[in-house]
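One letter stands for each residue in the lines below.
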Amino acid sequence: MPHSPQDKRLVLTRVRRLRGQVDALERALEAGAECASVLQQIAAARGAVNGLMAGVLESHLRETFSNATSRNDGATASINGVIDLVRTYLR
């Protein structure tokens, strides 16, 4: 969980945006929207969830390993590498 007020605000903003996307998806399904439109909305929601997960995971990694990174530049590079890798697979 992000602990700084700014990080928390950003995560909550993402969650609210995601809620809006899911609500729009529900309305589209109820209205009988075309499959292509529904699939596009599902893909957008999936991307939003993955972005949320990546952001929370990044915050967690940085907080968990903050002591190691303050003492070792190699550790900082390793954590940045892991974060980049996770973001790549969550796209």
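Presented here is an overview of the structure given in this document.

1. Looking at the overall build of the protein
Across its full length, the protein carries four helices and zero strands. The linear arrangement of helices and strands in the protein, starting from the amino end, is α-α-α-α. For 91 residues, the compact-globule estimate of 2.2 N^0.38 gives 12 Å, and the protein exceeds it by more than 25% at 17 Å. Each principal axis of the C-alpha distribution contributes one length, and for the protein these read about 55 × 25 × 10 Å. The 91 residues of the protein split such that 19% are buried. Within the protein, residue pairs in contact and separated by at least 24 positions form 56% of the contacts whose partners lie at least 6 positions apart.

2. Topic: the environment of Arg46
Summarising the element assignment, Arg46 is placed in helix H2 (residues 35–64). Separated by 25 residues in the primary sequence, Arg46 and Gln21 have C-alpha atoms spaced 9.8 Å apart.

3. Re the packing of helix H1 (residues 5–31) against H2
As a packed pair, H1 and H2 sit with axes 10 Å apart at the nearest point and diverge in direction by 165°. It follows from the interaxial angle that H1 and H2 lie roughly antiparallel. The handedness of the crossing between H1 and H2 is left-handed. Taking contact as the criterion, the partners of Asp7, Val11, Arg14, Val15, Leu18, Gln21, Ala24, Leu25, Ala28 and Leu29 in H1 are, on H2, Val38, Gln41, Ile42, Ala44, Ala45, Ala48, Val49, Gly51, Leu52, Val56 and Ser59. Its residues assigned to classes, the contact of H1 with H2 shows 15 nonpolar, four polar and two charged.

4. Quick notes on the environment of Arg87
By the element assignment, Arg87 lies in helix H4 (residues 73–89). Taking the relative accessible area as the measure of exposure, Arg87 reaches 31% and is therefore partly exposed.

5. Digging into the layout of surface pockets
Rolling a probe over the atoms, with the probe sized like a water molecule, indicates the empty space that remains. One number sums up the size of the largest pocket: a volume of about 160 Å³. Lining the largest pocket are Pro2, Asp7, Leu10, Val11, Arg14, Gly55, Glu58 and Ser59. Elements represented by at least two residues in the lining of the largest pocket include exactly H1 and H2. Ranked by the residues each element gives to the lining of the largest pocket, the list is headed by H1, at four residues. When grouped by side-chain class, the residues that make up the lining of the largest pocket number three nonpolar, two polar and three charged.

6. Notes on H2
The end-to-end C-alpha distance of H2, which contains 30 residues, comes to 43 Å, matching closely the 44 Å that a straight helix rising 1.5 Å per residue would cover. Along H2, the residues that are buried comprise Val38, Ala45, Asn50, Gly51, Leu52, Ala54, Ser59 and Leu61.

Criteria and cut-off values
Residues numbered from 1 in each chain as written. Predicted model: local features only at pLDDT ≥ 70, side-chain atom pairs only at ≥ 80, totals over all residues. Heavy atoms only, no water. Helix = DSSP H or I, 4+ residues; strand = E, 2+ residues; numbered from the N terminus. Rg over C-alpha atoms; globule rule 2.2 N^0.38 Å. Buried < 20%, exposed > 50% of the residue type's maximum accessible area, 1.4 Å probe, protein only. Contact = heavy atoms within 4.5 Å. Axes fitted to C-alpha atoms, helices over the stretch in contact; angles between N-to-C directions. Parallel < 35°, antiparallel > 145°, perpendicular 65-115°, else oblique. Left-handed = near helix turned anticlockwise from the far one by under 90°. Nonpolar A, V, L, I, M, F, W, Y, C, P; charged D, E, K, R; others polar. 1 Å grid on protein atoms, 1.4 Å probe; cavity = no way out; pocket = protein on both sides within 12 Å on 5 of 7 lines; lining within 4 Å. Points joined across faces, edges and corners; volume = space filled by probe spheres on them. Expected span 1.5 Å × (residues − 1).

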